[in-house]
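Examination of the molecular architecture
Listed below are the residues making up each chain.
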Amino acid sequence: MGKPLLPDDIRHRVPPGQYLTTKFPVLSYGPTPRFDPAKWDFRVFGLVEEELRFTYEEFRALPQSKQVSDFHCVTSWSRLDNLWEGVSVTELMKRVRLKPEARFVLAHCDGGYTTNLPLNEFLDDDVILAHRHDGRDLEPDHGWPLRLVVPKLYAWKSAKWLRALQFTDVDCRGFWEVRGYHNHADPWKEERYSFQEDYED
Ligand SMILES: Nc1nc2c(c(=O)[nH]1)N[C@H]1C(S)=C(S)[C@@H](COP(=O)(O)O)O[C@H]1N2
Ligand SMILES: [Mo]
């Protein structure tokens, strides 16, 4: 038996090689870090005129917004219409003065996970630093208290337990990007593996 056909408007939102789920699987390398609000901070450093450091309270006091977006994991599940709440990157960047040489961002997480993005894609208006998903605080396994959400790229770029953003002039590959995953990760181009990079412009 074939798979039931999806309505066109939904089908066009599912990248090649992906199937839909309404579950929210947990994909983590390593254990879920413990969260201590007294010790937690969020930092912005690297190619900025002034480094920033927010305590948990300060970060939570920043203006909030909501985004609805789709989430595509390279292991081939996609979850549509996720409601994310938190601080949009647009809002955060009102407080950051980038040096002109800044061209890339490296996200740093509790536990040592990292992932890299080109600056222009990080600055996209759907990128958000989220603490809530579908109307609830994030579960610890899904990145509580803060995760990056980058809807247009495979979900390994959506760093959980985010603690810092580093702006750089050279591209520094992150945790999965040095372990065989594609540096860019566009699900519509199926940029899954680093060996594919050799065949691209
Ligand atoms: N810090 C951290 N962030 C991470 C990961 C991780 O292992 N550690 N896994 C990534 C991968 S591979 C995916 S698919 C998504 C999964 O998010 P979820 O577990 O909330 O579904 O988180 C990404 N962010
Ligand atoms: Mo993933």
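Let me begin by describing the structure that accompanies this report. (Residues numbered from 1 in each chain as written. Chains lettered and ligands numbered in written order. Predicted model: local features only at pLDDT ≥ 70, side-chain atom pairs only at ≥ 80, totals over all residues. Heavy atoms only, no water.)

1. Description of the overall build of the chain
Threshold: Per the convention used, a helix needs a DSSP run of H or I reaching at least four residues, while a strand needs a run of E reaching at least two, with both numbered from the N terminus. Every radius of gyration here is taken over C-alpha atoms, with the globule rule written as 2.2 Å times N^0.38, N being the number of residues. In this scheme, a residue with accessible area under 20% of its type's maximum is buried, one over 50% is exposed, and one in between is partly exposed, where area comes from a 1.4 Å probe on protein chains only. The contact definition used throughout considers only heavy atoms, calling two residues in contact when any of these lie within 4.5 Å. Areas reported as accessible are Shrake-Rupley estimates using a 1.4 Å probe. Residue values count occlusion only from the protein chains shown.
Looking only at helices and strands, the chain features 4 helices and 11 strands. For 201 residues, the compact-globule formula gives about 17 Å, and the C-alpha radius of gyration of the chain, at 17 Å, lands near that figure. Counting only C-alpha atoms and orienting by the principal axes, one finds that the chain spans roughly 60 × 40 × 30 Å. Looking at the chain as a whole, 49% of its 201 residues are labelled buried. Considering only intrachain contacts with a sequence separation of at least 6, the fraction spanning at least 24 residues in the chain is 66%. If you sum the accessible surface of the chain, you get close to 10700 Å²; carbon and sulfur atoms cover 52% of it.

2. Quick word on a nonpolar patch on the surface
Spelled out, the test is: Patches draw on residues past 30% relative accessible area with no salt bridge. Two like charges within 9 Å are joined, as are two nonpolar side chains (Val, Leu, Ile, Met, Phe, Trp, Tyr) within 5 Å. Salt-bridge detection follows one rule: a side-chain nitrogen of Lys or Arg within 4 Å of a carboxyl oxygen of Asp or Glu.
Together, Y193, F195 and Y199 line one region of the surface with nonpolar side chains, adding up to about 410 Å² of accessible area. Relative to the assigned elements, F195 resides in the segment after β11 (162–168). By relative accessible area, F195 is classed as exposed at 51%.

3. Notes on the pattern of salt bridges
One pass over the full model with this rule turns up 18 salt bridges. Among the salt bridges present, the one from D41 reaches R53, with a minimum N-O distance of 2.7 Å. Taken together, the residues span a long stretch of sequence, with D41 in strand β2 (residues 41–46) and R53 in strand β3 (residues 52–55) at a distance of 12 residues. In this structure, the salt-bridge partner of R97 is E50, at a minimum N-O distance of 3.4 Å.

4. Looking at the site of ligand 1
Convention followed: Summary of the distance rule: residues count as near a molecule or strand when at least one heavy atom falls within 4 Å of that molecule or strand. Nitrogen and oxygen atoms within 3.5 Å of one another constitute a polar contact, given that in protein one can donate a hydrogen and the other can accept it, and given that sequence-neighbouring residues count only through two side-chain atoms. Cavity: a set of points on a 1 Å grid over the protein atoms alone where a 1.4 Å probe fits but cannot get out. Pocket: an open set with protein on both sides within 12 Å along at least five of seven lines, its lining residues, like those of a cavity, having an atom within 4 Å of a point. If over half the atoms of a molecule are within 2 Å of the grid points of a cavity or pocket, the molecule is regarded as sitting in it. For this classification, the nonpolar set comprises Ala, Val, Leu, Ile, Met, Phe, Trp, Tyr, Cys and Pro, the charged set comprises Asp, Glu, Lys and Arg, and every other residue, Gly included, is treated as polar.
With respect to spatial proximity, 19 residues lie near ligand 1, and among them P25, Y29, H142, R147 and K160 are the closest. Residue S158 places a main-chain N or O atom 3.0 Å away from a nitrogen atom belonging to ligand 1. Between ligand 1 and K160, the relevant distance is 2.5 Å, taken from an oxygen atom to a side-chain nitrogen or oxygen of the residue. Relative to its unbound accessible area of 530 Å², ligand 1 is 98% covered by the protein chains. The cavity that encloses ligand 1 is the largest pocket. Looking at side-chain class alone, the shell around ligand 1 contains 14 nonpolar, 3 polar and 2 charged residues.

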